[in-house]
Amino acid sequence: METIESIFAAVLTPVFLIIGAGWAFNRVNAGGVPSEQARRVISALVMYIFYPALIFSVIPTIELDSSLGMAAALYAVSLCAGLSLAFLLTRVLKSFGAPNADIGVVLLCAGLGNLISIGIPVVQQLLGEDGAGYAIAADIFVVTPFFWTAAIGISMHYGGTGVGNGLGGVWREVFKLPPVWAFLFAMILNVFNVVPSPGLARGFEILGTPTLAGLLLVVGMSLSLSGFRRYWRVSILVSVIKLIIAPAIVLIVGTVIGAAPASLSAGVALSSLPTMMAIMVLAERYGLNAELTAAILFASTFGFVLTLPIVAIVLSG
């Protein structure tokens, strides 16, 4: 119980506080700035400044160990399971007339988890300080490559911004995004063991810190009671896939293939995390349904409060 209480205090309470601040900003029209305009400005700052700085503050100095590969592979199983189940769900939604902007959101939200901002502290609490390495490895080898390639392709295909489609159009769009170049250069620095100077490292750390707060504010600004009432069924279904079914599949697969206990525990813990907040940036940029995205993000994060004790019991058993 002490571990769960620590996670609530250190991770989930700040998350809900910042989402609430964004929701309040939207409700009172603070400063006379339209909420949609504020969301787009914050999303642009995250995409072009904060997120690349965060990458440069973390990736160059990360020590990557081959023993972390199994946990990353198990998380890949979770991603594939979430996408597959979401695809089946979208067939049903399409039969009820769901627009493409909703379909893209469902696919992304059921597969991608919040590995860094929520995942690292959660895994550390569940598995000890060394647990952070599992979350970082899964993010570097699975989530980041998928997010900045396939997820962008999905967003372009189902979004409504008119950005060119086709494989060539996707790759042109991918290589226009600063986080992609930041990740590539940061990995080169890591491989060649080039460490940024203390001044640069500190600058990147300060500039990257607002990334999570910016994403959570945008989620709060996009969240509305009417929107949640409109999308609560879809939000719950996606959350069940993300928080319950995908981790259960990972547990079964990991047990069958004989994964080491530490890797199996890390894989299950990472697979049980709520939906990745950065999906909101893609929704805003490519014209996906931001209101539905916010509803799913809130539902999965709130649902994580309910499923976390179960995960802790399973991993301690």
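Our structure's up above, just so we're on the same page.
In this text, all values refer to a predicted model and were calculated from it rather than measured experimentally.

Draft legend 1. Broad picture of the overall build of the protein chain. Counting its regular elements, the protein chain contains 15 helices and zero strands. For a compact globule of 317 residues, the expected C-alpha radius of gyration is about 20 Å, and the protein chain comes in at 19 Å, within 12% of that figure. Seen along its three principal axes, the alpha-carbon backbone of the protein chain occupies a region of about 50 × 45 × 40 Å. Burial status across the protein chain gives 50% buried among its 317 residues. Across the protein chain, every contact between residues at least 6 apart in sequence was considered, and the portion connecting residues at least 24 apart equals 85%. Of the charged side chains in the protein chain, 13 are positive and 13 negative; the average position of the first set lies 18 Å away from that of the second.

Draft legend 2. Summary view of the environment of Pro247. Looking at the secondary structure, you find Pro247 in helix α12 (residues 225-257). The residues touching Pro247, leaving out its near neighbours within four places in the chain, are Ile241, Lys242, Val268, Ser271 and Ser272.

Draft legend 3. How the structure looks around the packing of helix α14 (residues 279-286) against helix α15 (residues 290-316). Axis separation between α14 and α15 bottoms out at 9 Å; the angle between their running directions is 170°. In this view, α14 runs roughly antiparallel relative to α15, as classed from their interaxial angle. Along the contact surface, α14 presents Ile279, Met280, Ala283 and Glu284, while α15 presents Ala290, Thr293, Ala294 and Leu297. The class makeup of the residues in the contact of α14 with α15 is six nonpolar, one polar and one charged.

Draft legend 4. Looking closely at the packing of helix α6 (residues 132-147) against helix α7 (residues 150-158). For the pair α6 and α7, the least separation of the axes is 4 Å and the interaxial angle reads 30°. Between α6 and α7, the angle is such that the two are roughly parallel. The segment α6 lies against α7, with Pro145, Phe146 and Phe147 engaging Ala150, Ala151, Ile152 and Ile154. Here the contact of α6 with α7 is composed, by residue class, of seven nonpolar, no polar and no charged.

Draft legend 5. Representation of the pattern of salt bridges. According to the stated counting rule, one finds seven salt bridges in the structure shown. The salt bridge involving Glu173 is made with Arg285; its shortest N-O contact spans 2.9 Å. You can see Glu173 sitting in helix α8 (residues 166-174) and its partner Arg285 sitting in helix α14, a full 112 residues away along the chain. Glu291 is the salt-bridge partner of Arg230, the closest N and O atoms lying 2.7 Å from each other. Of the two residues, Arg230 sits in helix α12 while Glu291 sits in helix α15, which places them 61 residues apart along the sequence. Judged by its relative accessible area of 24%, Glu291 is partly exposed. A cluster of three or more residues bridged by salt bridges with shared partners is formed by Glu36, Arg39, Arg40 and Glu284.

Draft legend 6. Highlighting the nonpolar core. Counting residues in hydrophobic clusters, the biggest one holds 97 residues, and the most contacted among them are Leu112, Phe147 and Leu270. Among the elements that take part in this core, α6 stands out by supplying 11 residues, more than any other. Apart from residues lying up to four places away in sequence, Phe147 is in contact with Leu112, Ile152, Met276, Ala278, Ile279 and Leu282. Core analysis: the second largest hydrophobic core is formed by five residues, Leu74, Val250, Ala259 and Leu264 among them.

Draft legend 7. Representation of helix α4 (residues 100-111). With 12 residues, α4 extends 17 Å from end C-alpha to end C-alpha; this agrees with the ideal 16 Å at 1.5 Å per step. Counted residue by residue, α4 has 11 buried out of 12 residues, so it is predominantly covered. Within α4, the full set of buried residues consists of Ala101, Asp102, Ile103, Gly104, Val105, Val106, Leu107, Leu108, Cys109, Ala110 and Gly111. Residues of α4 that are buried sit in contact with α3 (69-95), α7, α12, α14 and α15.

Draft legend 8. Layout of the environment of Ala186. Of note, Ala186 is situated in helix α9 (residues 178-191). In sequence terms Ala186 and Lys94 are 92 residues apart; their C-alpha atoms lie 40 Å from each other. With near-sequence residues (within four places) excluded, Ala186 lies in contact with Ile55, Phe56, Ile59 and Pro60.

Draft legend 9. Seen up close, a nonpolar patch on the surface. Taken together, the side chains of Trp171, Phe175, Trp181, Leu184, Phe185, Ile188, Val191, Phe192 and Val194 define a hydrophobic patch exposed on the protein surface, amounting to about 900 Å² of accessible area. Topologically, Val191 is positioned in helix α9.

Draft legend 10. Highlighting the layout of surface pockets. Here the largest pocket defines a volume of roughly 500 Å³. Lining the largest pocket are 28 residues, with Tyr51, Leu54, Ile116, Ser117 and Thr211 sitting closest to its centre. Of all the secondary-structure elements, those providing two or more residues to the lining of the largest pocket are α2 (35-58), α5 (115-127), α6, α10 (198-208) and α11 (210-222). Of the residues that constitute the lining of the largest pocket, the class distribution is 18 nonpolar, eight polar and two charged.

Draft legend 11. Inspection of the packing of aromatic side chains at higher detail. For the structure shown, the criterion picks out 10 aromatic pairs. Each ring, one from Trp171 and one from Phe175, has its centre 5.9 Å from the other, and the planes form 25°; the classification is stacked. Measuring from centroid to centroid gives 6.1 Å for Phe228 and Phe298, while their planes differ by 90°, and the two rings are edge-to-face. One end of the pair, Phe228, is in helix α12; the other, Phe298, is in helix α15, and 70 residues separate them in sequence.

What counts and how
Residues numbered from 1 in each chain as written. Predicted model: local features only at pLDDT ≥ 70, side-chain atom pairs only at ≥ 80, totals over all residues. Heavy atoms only, no water. Helix = DSSP H or I, 4+ residues; strand = E, 2+ residues; numbered from the N terminus. Rg over C-alpha atoms; globule rule 2.2 N^0.38 Å. Buried < 20%, exposed > 50% of the residue type's maximum accessible area, 1.4 Å probe, protein only. Contact = heavy atoms within 4.5 Å. Lys, Arg positive; Asp, Glu negative; His and termini not counted. Charge placed at Lys NZ, Arg CZ, Asp CG, Glu CD. Axes fitted to C-alpha atoms, helices over the stretch in contact; angles between N-to-C directions. Parallel < 35°, antiparallel > 145°, perpendicular 65-115°, else oblique. Nonpolar A, V, L, I, M, F, W, Y, C, P; charged D, E, K, R; others polar. Salt bridge = Lys/Arg side-chain N within 4 Å of Asp/Glu carboxyl O. Core = buried A, V, L, I, M, F, W, Y, C linked by side-chain atoms within 4.5 Å. Expected span 1.5 Å × (residues − 1). Patch = residues over 30% accessible without salt bridge, like charges linked within 9 Å, V, L, I, M, F, W, Y side chains within 5 Å. Areas by Shrake-Rupley, 256 points an atom, 1.4 Å probe, with all protein chains shown as cover. 1 Å grid on protein atoms, 1.4 Å probe; cavity = no way out; pocket = protein on both sides within 12 Å on 5 of 7 lines; lining within 4 Å. Points joined across faces, edges and corners; volume = space filled by probe spheres on them. Phe/Tyr/Trp six-rings, centres within 6.5 Å; stacked < 30°, edge-to-face > 60°.

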